[in-house]
Number of protein chains: 2
Amino acid sequence: MKAPPACYVAAAARSLKPLFDPASIAIIGASNDSNKFGGRPIRFMKEGGYRGRIYPINPKEKVIQGLAAYPDIRQAPEPVDLVIVSLPAPLVLEQIKACADARARAVCIFSSGFAEVGGAGAAWQAELTRIAKASGTRLVGPNCMGMLNTASRAVGTFSSAFEHGWPKPGNVIVVSQSGAVGSHSLVLLRERGLGLRGWVTTGNECDVDVADCIAFAAEDPETRVVVAYMEGCQDAGRFLAAVSAARKNRKPVLIMKVGASEVGASAASTHTASLAGADEVFDAAFRQFGVHRVRTLEEMTDIASACSAGVYPTGNRLGIVTISGGVGVLSCDTAAAHGLDVPPLPAATQAELKALMPFATVRNPVDTTAQLLTDHSLLQPMVKAILDNGGCDAVMVFMSSLGFAPRIMGPFKDTMARLREAYPDRLIALSIMSGKADREQLESLKFLVFDDPSRAVAAIAALVRFGRAFARPADRPPPTLPAAARAPASGTALSEHAAARLLADAGIPTVATEVVASADAAVAAAERLGYPVALKVASADIAHKSDVGGVKLGLGDAEAVRHAHAAILASVAGKAPGARVDGVLVAPMVQDGVECILGVHRDPVFGPVVLCGLGGIFVEILKDVSLRIAPFGTDEARRMLDELRGRRLLDGARGRPPADVEALVEALARLSVYADRHRDRIESIDINPFAVLPRGHGAMALDAVVVPMPRQPPG
Amino acid sequence: MKAPPACYVAAAARSLKPLFDPASIAIIGASNDSNKFGGRPIRFMKEGGYRGRIYPINPKEKVIQGLAAYPDIRQAPEPVDLVIVSLPAPLVLEQIKACADARARAVCIFSSGFAEVGGAGAAWQAELTRIAKASGTRLVGPNCMGMLNTASRAVGTFSSAFEHGWPKPGNVIVVSQSGAVGSHSLVLLRERGLGLRGWVTTGNECDVDVADCIAFAAEDPETRVVVAYMEGCQDAGRFLAAVSAARKNRKPVLIMKVGASEVGASAASTHTASLAGADEVFDAAFRQFGVHRVRTLEEMTDIASACSAGVYPTGNRLGIVTISGGVGVLSCDTAAAHGLDVPPLPAATQAELKALMPFATVRNPVDTTAQLLTDHSLLQPMVKAILDNGGCDAVMVFMSSLGFAPRIMGPFKDTMARLREAYPDRLIALSIMSGKADREQLESLKFLVFDDPSRAVAAIAALVRFGRAFARPADRPPPTLPAAARAPASGTALSEHAAARLLADAGIPTVATEVVASADAAVAAAERLGYPVALKVASADIAHKSDVGGVKLGLGDAEAVRHAHAAILASVAGKAPGARVDGVLVAPMVQDGVECILGVHRDPVFGPVVLCGLGGIFVEILKDVSLRIAPFGTDEARRMLDELRGRRLLDGARGRPPADVEALVEALARLSVYADRHRDRIESIDINPFAVLPRGHGAMALDAVVVPMPRQPPG
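Rules of the game
Residues numbered from 1 in each chain as written. Chains lettered and ligands numbered in written order. Predicted model: local features only at pLDDT ≥ 70, side-chain atom pairs only at ≥ 80, totals over all residues. pLDDT = per-residue confidence, 0-100. Contact = placed C-beta atoms within 7 Å. Helix = DSSP H or I, 4+ residues; strand = E, 2+ residues; numbered from the N terminus. Nonpolar A, V, L, I, M, F, W, Y, C, P; charged D, E, K, R; others polar. Buried ≥ 20, exposed ≤ 12 C-beta atoms within 10 Å, placed from the backbone. Pairing = 2+ DSSP bridges. Axes fitted to C-alpha atoms, helices over the stretch in contact; angles between N-to-C directions.

All names here are of chain A. A residue-level look at chain A finds 97% of positions with pLDDT of 70 or above and a mean pLDDT of 92. With pLDDT under 50 throughout, residues 263-271 is counted as low confidence; its partners more than four residues away or in other chains account for 13 contacts. Among the scores for the predicted complex, ipTM is 0.91 and pTM is 0.93.

Rendered as structure tokens:
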């Protein structure tokens, strides 16, 4: 991962405008057969009434589907915004060159047979990338399904997804690496009645990738919601810049990233490497940058639909009004599972509700019983009472299958319209089974509408998470490194002492140690450092010192130190005869600390990733770790700690004093800055244990392994 | 909880037959106004064409809605199967007595105003219970919505849920304590196209409860699936007998039990009590007895629908055929999250598939690309290859929005029908977006059909869990207790020494300890037990011995023992001057054990509940515990351990030898039998720590607290 140019987002947005909003479309490989891939876009656009200009390109035909055809893209009457290429792979390259010559602004290449098949295909794709870079013509695909603009009815796709129905124009952009998933999502969103701003599939991503499309969406005034499907990420820097821009502009980004169950392939040599699987790193990056990772297609549709209402509360207090006490309790359970609070209403609000409906249970959930179905005129004042004085950030109303009773549904919708007028910006969700038309009518009033109350609650929770991410004040910047901070020398792993010095120079507190050459020197060092001390063999050749009798702990006096010094040298000489021994390391014993593990691991996509976990069983048995992409500051480090299941241990659980969390947070942020600064020089860092002392006493690395990059960088 | 009579299930089933399949229905409070509660059942039955006899009961009218009315239930022409009572609460009791006199077999009481309002209502309800017990007339409600039989069109309900559509007859029984949830579920299942065997709401449960209805369903030959909603459980013995009978008869039971988020009210005095919240105990009971707990209404509908196909694989290997590689990977993720395996297909099967479709990815998931949509004749041989030779227990086929293309959907359904003929008993799920009619047609062929692939995978996983629960061989019976096992004397908490003796007598291995009265005796005891030893003050009055300086650990010789003995007595005399001191307890130090916590807690619903957790942070920070209803045998104890997140620690993680799991399992089973035997005498037991030594060396309680029931049992 490298940082993209500062102007990346704006430039990507500008360059993709012709892709998303083409005023003219040419089709290379245009066919008179309206079922062929090269014929379908023309048919779809003619049927849909595309508002732009269509230029079929075909050297053999004068007219294609009733439109004047041109023999070559260079002979089209204008430099077109978007060219569709539907040709066999071997013919593509020449045509792309022609597009670049003709100053086409964007090209969608349907054709497969490129990088995904290897060989000549891969070479062709590399050449496509080169042409895109050189010419400025943006290339989409190859091996993609193209694009769609619902407002202008620009159809640059052969997907048959919308043959059986046209998605509404709206404010959601959908980007999918996979054509099939993109196509399926199009049907899902259409059936859900969701309005689409644009739809693009990126396929092999020789040039335009998901990040570019998110960057466009972030800057596009007509886009309010971004939905993406991705299988991998070519350029993490651009991706993170794009999602950051979207968050800055208060646009929620939902991403489905599959592959969570894939077994990590690398034989892991360190904790960090074994715990920071590729999918866990994506997960951490999404969390860090405020992206909502969706786990099912249904969740994608639900949350996108909820987002298109555009209301993002920053508080998590939910008021529930229900005609069924049981569903009220069920919804509380779901709310708790999703991190929402269902607080008791203030006494005055309860009294207000009781006055409206003496029968009701009014604590929250407010159970009106089925009476509300027959007399829903009470619904409006009840919801008003909760919104005005209930201290709630959102309200959910459960009305069962009300929508199947047209006699009641009509007036109910009127009531809801009046409620919306009174509260144009409040988040109100309705759980009502109904027909599609009724649902869409209520949704057009910016209500969330779900058949299932649990899905409504989950959607509200997602909006609250976005609301909080949008409202978060800017983090303090990452700390700066001390002037002494330097990269490790390339080569093999550093000795414990060298690793400690390197980290100390980078500003990470490290236990003071000395390497000594004799028993006398060991005693002198122990007296300087203070008893009790630990002695360890100092050798970069010995990875597991305990296994060769190279460690003695808790030495309380000079005699014990002398004895241990001799024992270590004798044992190591016997058990690791070939190892180069630099001496014996003397370190003070550090007690009273909460032992943590801090690590850095180089992720192939995101570069240096920082890991934090509590020591011992938390990491080894429970895999309870938290990851972040480097660099970050102390605010992010604090959020990182809050994800640990064992977090409470740092607060002084089990009779211990609270630990110095600020020292830990500071060390994590520094480590991230250091790892980022020397991203090309560091393979991994494992600080284990990192002792976090009682509050006010700081924290320190007690042992560390630093592995520099090999002398010859791979690839 | 007490054990129900052996014949309970059969008796309940017999007595509820007239409720579920009434041949005659009388309505007390019958009304000519077909919108009133007392008028609706008659209207519904007339409209629906009820096949039985209807007797309106009304002292003032000769004819009700065109039917001959009777002034009194005792004047009905026969003892009726089912009486509906729709009267104000104060009038109900007299009519119920009349029903009993008239030998009515079952009565549904709609009326509210009983136990749920307290006062006179509660007294009336108690009287209802008495009448039911004395007469044998089964009473449903009060405060319920009655019943429905879709096959005979017996409608003993005022629910308007099916005014807008009639549920199909089928094999699913729905029981709901809540009328509103029951009514809503009726609409959900109808919309899902699910066939209903029967529907009953139990309301206040003065007599018939959810357990009784499950017992009926367990024995009823027409029922294949049981769906229940419950808020509480009056009689756990009957409930567990009923769900056990259902499992024995291979009928899945799905239960929605709400209230998971309720804060436990009791100020907990022991680990077990604080960790075994009421909801956790329900959860454990459901797991122990093979009940699937559903967490959302949608999950309820999904799994019920999947179950009505009646195919329950015992293996968890899933084959996936998909037209989208992305959805294939997504489905793998979902499968992994639900405990299903998506194994690579055998090489020969892969070759077979490759021969059919050279383009396809054939490892599993099998990605056919969109080609399968245009040429789905290949689907049948591909699925056949997987079913015949793929080593899979179930297959899921993802076909995107195929159902919206009628041109393809027609032949696809024919293909599916042929496939079903060839494989009548295999579990095949289709993820296809389609209209309701197409879906129901495919479902009638016993395919699972879901729009969303993740929901299809979740449903398959639920069927596998049922399949395994049904196929599980009978557990070995719980162990028998030694003859010496006895109840604790009632009164206050036992001293450590007394508790240890009690548990040892019950066959639970306990560290040998001695209570001594002098320093000399302490040394003698230490020499018998072996150094190092621990000394602790022996006093039933001191709960936290460490806090008063009452514990000294790791004493290695006689001098240390003497010193500790004096120090303990001096410190306790100073810090707990009022405490009665029985002497000082001497115990050997036990090392090398994995420390666990074993506990017993008296649950108000299920009686003694046994808890197991790993010691230290696992319980204190992570609440990582497993619960079971007592009594149980070693097989269940082993399953109990398998639920612990830290389970691996017992297998020898972190360089330790594997622990003696069999000794732990044996101790848990014995503890459960002991707790069950003396369920009325034991308030709680905490064994903490229980040291599980390396394999072959057993396990032993190192400290225990036993709290007997107070002398005067509450209530």
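Past the structure itself, the notes keep going.
Let's shift gears to the interface of chain A and chain B. If you look at the interface, chain A gives 45 residues, while chain B gives 46 residues. Of all elements in the fold, only helix H5 (179-192), helix H10 (297-307), helix H11 (325-337), helix H17 (453-471) and helix H21 (617-620) of chain A reach the threshold of two or more residues within the side of chain A that touches chain B. Looking at the side of chain A that touches chain B element by element, the count peaks at eight residues for H11 of chain A. A per-class count over the side of chain A that touches chain B returns 23 nonpolar, 13 polar and nine charged.

Residue and element names in this part refer to chain A. In terms of burial, strand S29 (residues 704-708) is largely enclosed, as five of its five residues are buried. Side chains Ala704, Val706 and Pro708 project from S29 onto one buried face, and the interleaved Val705 and Val707 project onto a second face that is buried too. As paired elements, strand S27 (residues 682-692) and S29 share five bridges and run antiparallel to each other. Its bridge partner being in S29, Ile685 is matched across the sheet by Val706.

Paired through backbone hydrogen bonds, the strands of a sheet run either parallel or antiparallel to each other. All names here are of chain A. Spatial strand order, S2-S1-S5-S6-S7: five strands in an open sheet with parallel pairing. Looking at the sheet topology across the chains shown, the edges are occupied by strand S2 (53-57) and strand S7 (138-140). Strand-to-strand twist in this sheet, taken as the mean axis angle between neighbours without regard to direction, amounts to 20°. The pairing of strand S1 (residues 24-28) with strand S5 (residues 82-85) spans four bridges and is parallel.

All names here are of chain A. Spatially, four strands are ordered S20-S23-S21-S22 in an open sheet, and the strand pairing comes out antiparallel. Of all the strands in the sheet, the pair left with one neighbour each is strand S20 (514-516) and strand S22 (551-555). Pairwise comparison of adjacent strand axes, ignoring direction, gives a mean angle of 25° for this sheet. The pairing of S20 with strand S23 (residues 583-588) spans three bridges and is classified as antiparallel. Across the sheet, residue Glu514 finds its bridge partner in S23, namely Val586. Along the sheet, helix H19 (residues 519-529) contacts S20, strand S21 (533-538) and S23; its crossing angle with S23, the most-contacted strand, is approximately 20°. Strands in contact with helix H20 (residues 558-575) are S21, S22 and S23; relative to S21, the strand with the most contacts, it is inclined by about 25°.

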